[in-house]
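Here are the chains, one letter per residue:
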Amino acid sequence: MESLLMESLLIYSTKRKFNDSSADDMKYGDLSDSYLQNHLNLHDVSPIVNPYTLQLLSPFNHPQSRFYSPTSGKKINKEDCVKLMFDDLRKLTLPFSFYGSYGELIKQMFTHMQTMNGQSFSNATLNSALKHAIISDKSSNNALVRIKEILDKNIDYENAKLPNEAIPQITLNIQGGILPKFTRTQDSFNGLGLAVHDTYSTEIYLTNLKITKNDYSALVKFQIQDHFGLDQNDIKNWKFNQFYFFKTWFVLQRSKSYGFKPFFTNMDTCIEIKGSKNA
């Protein structure tokens with residue numbers, strides 16, 4: 001006897017839903033320059049240009065320079081200012097993405113923000129990174145491990161089926177673990193911690209469950225979404241506020257003068273799991 005479960009079963013979903021544009025990190029062009037400077041202390045935003053006055057900065061007129069003198073830098077137009085800030089953002093990613101093969105990903109995402117007007121982002125390299133992060137995690141907190149744990153205990157080989165009561169058990173077991181995210185130590189240096197870091201919404205599906213008298217196989221599909229944007233709590237955090245990288249990003253997104261749209265980052269991957277009656 002062999003059973004094939006063709007339909008896709010939703011076995012886990014976060015409370016935070018997909019495409020939530022109401023979140024603070026998805027806001028854009030909503031803060032005045034005076035608010036940015038006086039309430040969020042975003043005075044010294046960029047090492048190369050003043051986004052409020054549209055003046056170029058140099059060692060002689062940059063407030064943080066030892067050579068500073070109160071002279072005005074060359075005035076530029078807003079279009080050139082935007083280009084300089086985004087170009088500098090891509091350069092400023094280096095300290096966070098110098099290790100591994102994902103360094104170009106965060107640069108592509110800033111180009112997407114600059115040019116695609118808030119369209120959602122997906123990328124095969126990012127999907128591959130998600131799959132690798134899941135299968136390389138051998139801890140008992142891994143959602144994949146926790147799904148397999150319940151399947152191993154509940155597969156009915158005699159009748160070639162998965163009992164209905166096993167589904168809520170899987171959901172509860174996933175809730176007790178850790179969902180896929182890029183918060184490992186290496187993610188602080190390989191670019192993934194910037195590109196995604198934590199995640200906002202997750203759905204996990206069980207599909208293609210095949211059961212024979214001695215073993216089973218199934219596909220577990222992960223659908224994950226993150227927000228590529230900064231909220232006010234991010235920039236108030238000293239870990240963010242000390243870096244030009246995050247200050248430049250925040251002003252480009254949240255300033256009424258710029259208002260570049262954040263976007264949803266969509267990731268998905270399917271992973272096969274197997275088990276046997278006598279394992």
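Preceding this section is the structure that the text describes.
What counts and how
- Residues numbered from 1 in each chain as written.
- Predicted model: local features only at pLDDT ≥ 70, side-chain atom pairs only at ≥ 80, totals over all residues.
- Heavy atoms only, no water.
- Salt bridge = Lys/Arg side-chain N within 4 Å of Asp/Glu carboxyl O.
- Helix = DSSP H or I, 4+ residues; strand = E, 2+ residues; numbered from the N terminus.
- Buried < 20%, exposed > 50% of the residue type's maximum accessible area, 1.4 Å probe, protein only.
- Phe/Tyr/Trp six-rings, centres within 6.5 Å; stacked < 30°, edge-to-face > 60°.
- Contact = heavy atoms within 4.5 Å.
- Axes fitted to C-alpha atoms, helices over the stretch in contact; angles between N-to-C directions.
- Parallel < 35°, antiparallel > 145°, perpendicular 65-115°, else oblique.
- Left-handed = near helix turned anticlockwise from the far one by under 90°.
- Nonpolar A, V, L, I, M, F, W, Y, C, P; charged D, E, K, R; others polar.
- Pairing = 2+ DSSP bridges.

1. Some points on the pattern of salt bridges
Phase 1: Under the defined criterion, the tally for this structure stands at 8 salt bridges.
Phase 2: For Lys27, the salt bridge identified is with Asp24, shortest N-O distance 3.7 Å.
Phase 3: The partner of Glu104 in a salt bridge is Lys107, with the nearest N and O atoms 3.5 Å apart. In this pair, Glu104 and Lys107 both sit in helix 3 (residues 103-115), 3 residues apart, roughly one turn of the helix.
Phase 4: Relative accessible area serves as the criterion here: at 48%, Glu104 is assigned to the partly exposed category.

2. Here's the deal with unusual backbone geometry
Phase 1: Of note, the phi angle at Asn117 is positive, near 55°, even though the residue is not glycine.
Phase 2: Structurally, the position occupied by Asn117 is in the loop between helix 3 and helix 4 (124-135).
Phase 3: Under the relative-accessibility criterion, Asn117 is labelled exposed at 57%.
Phase 4: Even without being a glycine, Ala160 presents a positive backbone phi close to 50°.
Phase 5: Looking at the secondary structure, you find Ala160 in the loop between helix 5 (143-154) and helix 6 (166-175).

3. Notes on the packing of aromatic side chains
Phase 1: Applying the stated rule across the entire model yields 12 aromatic pairs.
Phase 2: When the centroid spacing of 5.0 Å and the interplanar angle of 80° are considered together, the rings of Phe86 and Phe260 count as edge-to-face. Of the two residues, Phe86 is situated in helix 2 (residues 78-92) and Phe260 in the loop between helix 10 (244-254) and strand 7 (263-276); the sequence distance between them amounts to 174 residues. There is no split in this pair, since Phe86 and Phe260 are both buried.

4. Digging into the environment of Leu192
Phase 1: Within the element layout of this structure, Leu192 appears in helix 7 (residues 192-195).
Phase 2: Along the backbone, Leu192 and Ser97 are 95 residues apart, and their C-alpha atoms lie at a distance of 7.7 Å.
Phase 3: Setting aside residues up to four positions removed in sequence, Leu192 forms contacts with Tyr102, Leu105, Leu126, Ala129, Phe182, Arg184, Asp187 and His197.

5. Regarding helix 10
Phase 1: Counting buried positions along helix 10 yields 10 of 11 residues, so the element is predominantly enclosed.
Phase 2: Of the positions making up helix 10, those classed as buried are Phe245, Phe246, Lys247, Thr248, Trp249, Phe250, Val251, Leu252, Gln253 and Arg254.

6. Side note on the packing of helix 2 against helix 3
Phase 1: Look at helix 2 against helix 3: their axes get within 9 Å of each other, and the N-to-C directions meet at 160°. The orientation of helix 2 with respect to helix 3, classified from their angle, is roughly antiparallel. Note that helix 2 runs across helix 3; the crossing there is right-handed. Counted together, Lys83, Phe86, Leu89 and Arg90 of helix 2 and Lys107, Phe110, Thr111, Met113 and Gln114 of helix 3 form the full contact between these two elements.
Phase 2: Of the residues that constitute the contact of helix 2 with helix 3, the class distribution is 4 nonpolar, 2 polar and 3 charged.

7. Overview of the pairing of strand 6 (residues 215-228)
Phase 1: The element strand 6 is largely enclosed, with a buried count of 10 among its 14 residues.
Phase 2: Looking at chain direction, strand 5 (residues 201-211) and strand 6 are connected through 9 bridges and run antiparallel. Opposite Thr207, over in strand 6, you have Leu219 as the bridge partner.
Phase 3: If you look at the hairpin formed by strand 5 and strand 6, you'll find 3 residues sitting between the two strands.
Phase 4: The sheet contact formed by strand 6 and strand 7 spans 14 bridges and is antiparallel.

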